[in-house]
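This is what each chain is made of:
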Amino acid sequence: LELYNMQGWGINYFSINEKGNVQVTPSRDGRAIDLKELLDELQMRDVATPVLLRFPDILDSRIEEMYRCFRQASVENHYQANAYTIFPIKVNQMQPVVEELVSHGKKFNIGLEAGSKPELHAVIANNTDTDSLIVCNGYKDEDYIELALLAQKMGRRIFIVVEKLNELKLIAEVSERLHVRPNIGIRIKLSSSGSGKWESSGGDSSKFGLNTSELMDAVSILEQNDLVDCFKLIHFHIGSQVNKIRRIKIALKEAAQFYVQLRKMGIGVEYVDIGGGLGVDYDGTRSSNSDSSVNYSIQEYVNDAVYAMVDASDKNELPHPNIITESGRSLTAHHSVLIFDVLESTSLPKWNKEEVLSDEIHENVRDLCNILNKLSQPHLLEDWHDALQIREESLNLFSLGLLDIKERALVERLFWSIAREVVKMSQRLKHIPNELEGLPQRLADKYFCNFSLFQSLPDSWAIDQLFPIVPIQRHTENPDNYATIQDITCDSDGKIDNFIVTTNSSQTLPVHSLKEGENYYIGVFLVGAYQEILGDLHNLFGDTNAVHISLTDEAYSIDQIIDGETVAEVLDYAQYNPKKLVRAVETWVTSSVKSGRITAKEGREFLAIYRSGLYGYTYLEKE
Ligand code: PLP
């Protein structure tokens, strides 16, 4: 538990039980689901790994937590307006996820945010209550605006948030034509920015929103079109995963002044939409020094939001604005766990201590053997430098034909065994020398795992996002090995070599040695935000199987099994027609049989394999 800092990032949802398996505790009542037992059941039901496990009860618990925090902050600050949670579907557009959020969030009046025209199509067809809010962000054309305004005419509470001045002109035209009084929001470019990986989403040079002089132009356009009373909302978003609460406080203060100033101009703004930004403590360190962490809690974030609005309004004798939060990462990250199995492992060569060197052996081999035997802490670096130099010299000698292939193999085995000893001894030193820092990673075993980094953990590849990674079973045994994770794409970027661990080196994951005939499952946690939709089809590895598991009085129930994509489906994305492919292969087989290159039986077998493969899983399958 300590080794993987699970207590830090697991926040009571994830822990290890007495059987040594990772367990999930989706709700606060303490009922737990043993992940290893769940995976054994899924295996019996023929649901293959890689598999994405979704726990809707965690979604529910996150929504409730957000509401609880707002309730507490409202009481403490005597807040007299309403706080709304809006789920921006860009964070996870998967229909079952949105449906769960909407159905559980109904009693909390949860709303949805669309950031594009296709997202709006999904959002307005969702079964939210008619008084829950829909916020339309993103760049808009006439169709987008028309769709939103007609939905409003039919009774939905829709806000169209202006990102660019020309959208306002379009809104004016379309609303006049449709005879609708639109609910207009304006996205404001704050000079404050967030902190962390998405820092550039906010600030003067950010991509979105109106600067103050454009905001004044917008007010003039509204006046010219008799729409000033429709301007009801201001919005800002300073970036996702803001890791420092100070940046959020500064932005809130600035935004509250926009509210005050606009009200003083006689504009009836009623809502301040504070966007997203509420971060997730992926590494569990609660530290502002890490992009994968945050130095604040949900309660602190919400307290600051409510306080900033109450304080500015009270000082200026204005009504409190309603607050809208669009923080989707914090709602969804915890609810999904990706599980994959380890296919095999590889290690660097090892020296067998029993081995006896012949008298004629090359002196470099003998020298390395001597270094290995006399290695000691006081001369550690000196011995290591000698080993490096002898190895380099040996490789040169091999290229010149002066060292034979068997001797080269001995050099390899001795050199990597020396390296292992050096790392072991260096860990007892107070300060590990710089030049040894990358060595644990080079020495680690490679665990080849049945998944695609590009499909299932795109942010790990694209922006070096850290996710907690933990073996699912055998925690009653101490991990006896260190590994990096390699996926099954033909891409050397398809690997993970940075982990959340409390050991000296974060470049390797503590794991157990594999046992013949036993599945070894590894889980990647907190993957519920952004990963599914950003994933791509590199090497044509498709969506994984997904399973929804919820708590019941007895234990748990498997509510839904959503099959991953088949080979035919991913080929279809690349514009292959599976039927045409089968035809082409049939023609080829027929001519091969006719010409006698294969028998009719072999032809039939080949066609059967080809056809069934098209409808199989894109990942490696065990017989
Ligand atoms: N609202 C807007 C306008 C966004 O662009 C985003 C994402 O960046 C969000 C909300 C979601 O924010 P978060 O990832 O912090 O939940």
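Residues numbered from 1 in each chain as written. Predicted model: local features only at pLDDT ≥ 70, side-chain atom pairs only at ≥ 80, totals over all residues.

As annotated in an unreviewed UniProt entry, the protein chain carries the name Biosynthetic arginine decarboxylase and comes from Halosquirtibacter laminarini.

## Some points on the sheet that holds strand β3 (residues 33-34)
Taken together, the 3 strands give an open sheet; going across it, the order is β1-β2-β3, and neighbouring strands pair in antiparallel fashion. With one partner strand each, in any of the chains shown, β1 (14-16) and β3 form the two edges of the open sheet. The pairing of β1 with strand β2 (residues 22-24) spans 3 bridges and is antiparallel. If you follow S15 over to β2, its bridge partner there is Q23. (Pairing = 2+ DSSP bridges. Helix = DSSP H or I, 4+ residues; strand = E, 2+ residues; numbered from the N terminus.)

## Some details on the nonpolar core
Ranked by size, the top nonpolar core spans 140 residues in total, and within it C136 and A255 carry the most contacts. Residue contributions to this core peak at 8 residues, all from helix α10 (residues 298-315). Dropping the residues within four chain positions of it, C136 is found in contact with A114, L120, A148, I158, F159, I160 and V161. Core analysis: the second largest hydrophobic core is formed by 15 residues, L368, I390, L414 and I418 among them. (Core = buried A, V, L, I, M, F, W, Y, C linked by C-beta atoms within 7 Å. Buried ≥ 20, exposed ≤ 12 C-beta atoms within 10 Å, placed from the backbone. Contact = placed C-beta atoms within 7 Å.)

## A short note on unusual backbone geometry
The linkage connecting T49 with the following residue, P50, adopts the cis geometry, with an omega of 5°. Even without a glycine there, the phi angle at N109 is positive, about 60°. Here N109 shows up in the loop between α4 (95-105) and β6 (111-114). Judged by local crowding, N109 falls into the partly exposed class, with 16 C-beta atoms found within 10 Å.

## Points about α4
What α4 keeps buried is the set V97, V98, E100, L101 and G105. One face of α4 carries all of its buried residues, which in axial projection span an arc of 160°. Packed against the buried residues of α4 are β4 (51-54), α3 (56-77), β5 (83-88) and α11 (329-332). (Arc of directions from axis to C-beta.)

## Notes on the domain arrangement of the protein chain
Looking at the assigned domains, one finds that the protein chain contains domain 1 (78-327), domain 2 (363-438) and domain 3 (567-614). On a C-alpha basis, the centres of domain 1 and domain 3 stand 53 Å from each other. (Domains from an automatic or database assignment.)

## Regarding the sheet that holds β5
Strand order in the closed barrel formed by 8 strands is β5-β6-β7-β8-β9-β10-β11-β12, with parallel pairing between adjacent strands. Ignoring strand direction, the axes of neighbouring strands in this sheet form an average angle of 25°. As defined by bridge partners, strand β8 (residues 157-162) adjoins strand β9 (residues 184-187) across 3 bridges and the pair is classed as parallel. Bridging across to β9, V162 finds its partner in I186. Set on the sheet, helix α9 (residues 245-264) makes contact with β10 (231-235) and β11 (271-273); between it and β10 the angle comes to about 160°. (Axes fitted to C-alpha atoms, helices over the stretch in contact; angles between N-to-C directions.)

## Regarding the packing of helix α12 (residues 363-374) against helix α13 (residues 380-399)
Orientation of α12 relative to α13, taken along the N-to-C sense of each, is 160°, at an axis distance of 10 Å. Taken together, the axis directions place α12 and α13 in an arrangement best described as roughly antiparallel. Where α12 crosses over α13, the handedness of that crossing is left-handed. Contact residues: α12 offers N364, D367, L368 and I371, while α13 offers D383, D386, A387, I390, E393 and S394. Split by residue class, the contact of α12 with α13 holds 4 nonpolar, 2 polar and 4 charged. (Parallel < 35°, antiparallel > 145°, perpendicular 65-115°, else oblique. Left-handed = near helix turned anticlockwise from the far one by under 90°. Nonpolar A, V, L, I, M, F, W, Y, C, P; charged D, E, K, R; others polar.)

## Observations concerning the pairing of strand β21 (residues 556-562)
In this sheet, β21 lies alongside strand β20 (residues 545-551) in antiparallel orientation, the contact comprising 6 bridges. The partner of A546 across the bridge, within β21, is I562. If you look at the hairpin formed by β20 and β21, you'll find 4 residues sitting between the two strands.

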